[in-house]
Amino acid sequence: MASGAQQGGAGAASPEDKSKEQKALERVLPDQKDAAGEGASTVPLKNKAGHSGSLETQREPGSAGCPSPAGDMNKISPQGHANGRAAAAAAAGTKACPEGEGGRGPCCSQRGACLSALLLLLLAMLAALVTLVTSLGLPSRTPGAQACVTPTNRTGFLCHDRRSCIPASGVCDGLRTCPHSEDEDESLCRDVPQSLPSFLVARCGDPASWIYSDQKCDGTNNCGDCSDELSPVTACPPCGPGWWRCPSTFFRYCGCVPRTLCRDGTQHCSDWSDEHSCPRP
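Residues numbered from 1 in each chain as written. Predicted model: local features only at pLDDT ≥ 70, side-chain atom pairs only at ≥ 80, totals over all residues. Heavy atoms only, no water.

A few points about the environment of Asp 185
1) Next: Position of Asp 185 among the secondary structure elements: in the loop between strand S5 (165–167) and helix H6 (186–189).
2) Next: Residue classification places Asp 185 among the partly exposed residues on the basis of a relative accessible area of 35%.
3) Next: Spatially, the C-alpha atom of Asp 185 lies 7.8 Å from that of Cys 172, the residues being 13 residues apart in sequence. (Helix = DSSP H or I, 4+ residues; strand = E, 2+ residues; numbered from the N terminus. Buried < 20%, exposed > 50% of the residue type's maximum accessible area, 1.4 Å probe, protein only.)

What follows is the structure, given as structure tokens:
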């Protein structure tokens with residue numbers, strides 16, 4: 001009986017020992033309780049003496065930041081790390097970018113900034129190309145021949161500078177009149193008149209003969225048979241202010257003579273009207 005009582009007394013802990021163990025347990029648990037936060041479940045524990053205690057070690061589903069049951073407190077999963085960075089990027093108002101191999105792939109936080117930088121680069125390259133072409137002096141694309149009206153109201157040829165208008169009879173005459181000499185270009189002059197634009201050519205009464213279009217109705221017999229001045233081949237307006245209308249006796253003129261020839265003592269009209277009726281200018 002005495003030995004059994006002694007064994008029972010040795011197996012049971014005194015109240016003082018229980019109090020000491022409880023205090024030691026409370027000193028170990030506060031840090032774990034703070035890390036668990038709200039939503040932690042209480043797991044009953046037993047100390048060496050068999051007394052029950054409480055320890056918050058298990059998180060409810062959906063909570064974050066809990067240590068693994070195996071005790072791997074400091075290990076963070078890659079998925080949790082990526083989710084944390086995505087949440088931080090969303091809070092900062094930027095778009096999270098996926099990592100490349102090794103987690104160090106380049107990525108722009110703003111897609112618009114990347115597109116703007118690319119556009120600026122393309123514009124800079126285009127400007128450099130234009131500058132290069134300008135410095136080399138490469139000729140621009142030659143436009144087709146175009147008609148124009150000269151200051152004397154005659155048919156003309158528009159030069160490639162779009163400003164110079166030369167008379168039609170100045171094309172392929174052996175003199176370079178346009179600033180870039182396109183009026184003597186080989187493509188125009190290789191087989192005159194077939195190689196000339198139609199607006200530069202006028203036909204005479206004789207199909208084998210032709211004149212430049214600005215020579216028609218100019219008061220001068222350019223065709224040799226006056227077909228460029230008289231009907232039915234050509235319909236010209238009446239003689240202008242500087243001309244006197246009469247049948248000319250000079251081969252050079254047809255139905256009008258210049259007023260500068262009036263009353264000069266020489267017959268230019270078959271009816272002598274240039275000497276009796278025509279007033280001097």
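Observations concerning unusual backbone geometry
1) Next: Note that the residue after Val 192, namely Pro 193, is joined by a cis bond; omega there is 5°.
2) Next: Omega for the bond connecting Ser 231 with Pro 232 falls within 30 degrees of zero, at 10°, which places this linkage in the cis form.
3) Next: Counting through the fold element by element, Pro 232 comes out in the loop between strand S7 (210–212) and strand S8 (243–245).
4) Next: In the Ramachandran plot, Arg 263 falls in the positive-phi region, its phi being about 55° despite a non-glycine side chain.
5) Next: Considering the arrangement of structural elements, one finds Arg 263 in the loop between strand S9 (256–258) and helix H7 (273–276).
6) Next: At Trp 272, a residue that is not glycine, the phi angle is positive and equals roughly 60°.
7) Next: Here Trp 272 shows up in the loop between S9 and H7.
8) Next: Judged by its relative accessible area of 40%, Trp 272 is partly exposed.

Some details on the pairing of strand S4 (residues 155–158)
1) Next: Note that strand S3 (residues 146–149) and S4 share four bridges and pair antiparallel. Bridge pairing links Cys 148 to Gly 156 in S4.
2) Next: Between S3 and S4, which follow one another and run antiparallel, lie five residues, and Asn 153 among them has a positive phi close to 65°. (Pairing = 2+ DSSP bridges.)

Digging into the environment of Cys 236
1) Next: Positionally, Cys 236 belongs in the loop between S7 and S8.
2) Next: Under the relative-accessibility criterion, Cys 236 is labelled partly exposed at 26%.
3) Next: Those residues in contact with Cys 236 that lie beyond four places of it in its chain are Cys 217, Asp 228 and Glu 229. (Contact = heavy atoms within 4.5 Å.)

Some words on the nonpolar core
1) Next: One finds Phe 157, Cys 159, Ile 166, Ala 168, Val 171, Cys 172, Cys 178, Leu 188, Leu 196, Leu 200 and Tyr 212 forming the largest nonpolar core, which totals eleven residues.
2) Next: With residues near it in sequence (within four places) discarded, Cys 159 still touches Ser 164, Ile 166, Cys 178, Pro 179 and Glu 182.
3) Next: Judged by nonpolar contacts, the second largest core, of eight residues, contains Trp 244, Tyr 253, Leu 261 and Cys 278. (Core = buried A, V, L, I, M, F, W, Y, C linked by side-chain atoms within 4.5 Å.)

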